[in-house]
Amino acid sequence: MRRRFRQRSLAEGRQDRWQVLREKRKRGIFLLPSLLTTGNIFCGMLSMILAFEARYTESAVAIFIAMVMDVLDGRVARLTKTTTQFGIEFDSLADVVSFGVAPGLLLYAWALGPLGRVGWLAAFLFAICGALRLARFNVLTAVTDRRYFVGLPIPAAAGCIAATVLLIGDREFSRWELVGLTITTYLLALLMVSTFRYYAFKDFDFARRRPFRILLLLVLGLLIVASHPQLFLFLLFSVYALSGPGRRLVSRKGEGTARREADLGEHAQ
């Protein structure tokens, strides 16, 4: 009896230890997405500090690192099935800092400062429109088509600014260049709160595509990035930002053509 009782106690003790280890492992998995989101905020704060120190290129790079953190925290949460409402709200707050406030401050410190009130209003409008874009996304995410974003995503708008800083670098701007940068900032802000649809790339299935073509595109992309990374990033984010209005124009043109063909068919009858 004593031996059986001792064996049972040992078995129960092992089960308790394994249960404790599982609980600790589960907590660690739940914390991982939040840690990545914290890294996102850290990069946003670092970008602002570097902008204050006039280290604009490094500030733009910090924004791109924040984008990597933003992509990873969502992917890790979905893969580990640890998506929570807290994580969603925390991620949105981090995005406001890293992709709303930080790019606006970088743009003002880098170029728009000499314009005074017009410059800081442009930076403020960028930040507030980014916050509104995130709030709308959180409210409408359950009722909209998952294949598309409504309005330019705030990381893409921040990428346009960071890529522009990397491409142009630190130099003196003419009056007309400052006006062009200001207008671009206002347009990016308005695109974020617009109703233009942007492809989300969430349903893109690489397995169904032809692997040879995908490999060829990847090799070409790597060659372009290696030769002219600043130009590649600028073109990538610029084309994506313009894809929303371009998609709307193409769809309206197609609808107009369809209507004209229908009218011609009715007249012919």
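Draft legend 1. Main features of the overall build of the protein. A tally of helices and strands in the protein yields eight helices and two strands. From first element to last, N terminus to C terminus, the protein shows the α and β order α-α-α-α-β-α-α-β-α-α. Taken over 269 residues, the protein has a buried fraction of 33%. Of the contacts made within the protein by residues no fewer than 6 positions apart, 84% connect residues no fewer than 24 positions apart. Approximately 18,000 Å² of the protein is accessible, and the part contributed by carbon and sulfur atoms is 66%.

Draft legend 2. Representation of helix H5 (residues 154-168) within the structure. Taking 1.5 Å of rise per residue, the 15 residues of H5 would be expected to cover 21 Å, and the 21 Å separating its terminal C-alpha atoms lies within 8% of that figure. Here H5 has its buried residues at Ile 154, Ala 156, Ala 157, Ala 158, Gly 159, Cys 160, Ile 161, Ala 162, Ala 163, Thr 164, Val 165 and Leu 166. Gly 169 sits one or two residues past H5 and shows a positive phi near 80 degrees.

Draft legend 3. Examining the packing of aromatic side chains more closely. Applying the stated criterion to the full structure yields six aromatic pairs. Their ring planes at 80 degrees and their centres at 5.0 Å tell us that Trp 110 and Phe 173 sit as a pair that is edge-to-face. Of the two residues, Trp 110 is situated in helix H3 (residues 85-112) and Phe 173 in the loop between H5 and helix H6 (175-192); the sequence distance between them amounts to 63 residues. With 5.8 Å between their ring centres and 70 degrees between their planes, Tyr 148 and Tyr 199 make a pair best called edge-to-face. Of the two residues, Tyr 148 is situated in strand E1 (residues 148-150) and Tyr 199 in strand E2 (residues 197-199); the sequence distance between them amounts to 51 residues. Tyr 199 sits in the partly exposed class, given a relative accessible area of 29%. The lysine or arginine in question, Arg 197, covers the ring of Tyr 148, its NZ or CZ lying 4.3 Å from the ring centre.

What counts and how
By convention here, each chain's residues receive numbers from 1 onward along its written sequence. Owing to the predicted nature of the model, reporting of local features is limited to residues with pLDDT of at least 70; listing and counting of side-chain atom pairs is limited to 80 or more, with chain, interface and lining totals taken over all residues. The side-chain figures draw on all heavy atoms in the structure; neither hydrogens nor water molecules are used. A run of H or I in DSSP becomes a helix once it reaches four residues, and a run of E becomes a strand once it reaches two; helices and strands are each numbered from the N terminus. The buried label applies to any residue whose accessible area, calculated with a 1.4 Å probe on protein chains only, is under 20% of its type's maximum; exposed applies above 50%, and partly exposed to all values in between. In this analysis, two residues are considered to be in contact whenever any of their non-hydrogen atoms come within 4.5 Å of each other. Here, Shrake-Rupley sampling with a 1.4 Å probe gives the accessible areas, and only protein chains in the shown set may cover a residue. To estimate how far a helix should extend, the number of its residues minus one is multiplied by 1.5 Å. Any two of the Phe, Tyr and Trp rings considered here, Trp counted by its six-membered ring, make a pair once their centres fall within 6.5 Å; the pair's planes then place it as stacked at under 30 degrees, edge-to-face at over 60, or tilted in between. By definition here, charges over rings are those cases where NZ of Lys or CZ of Arg is within 6 Å of the ring centre and within 35 degrees of the ring normal.

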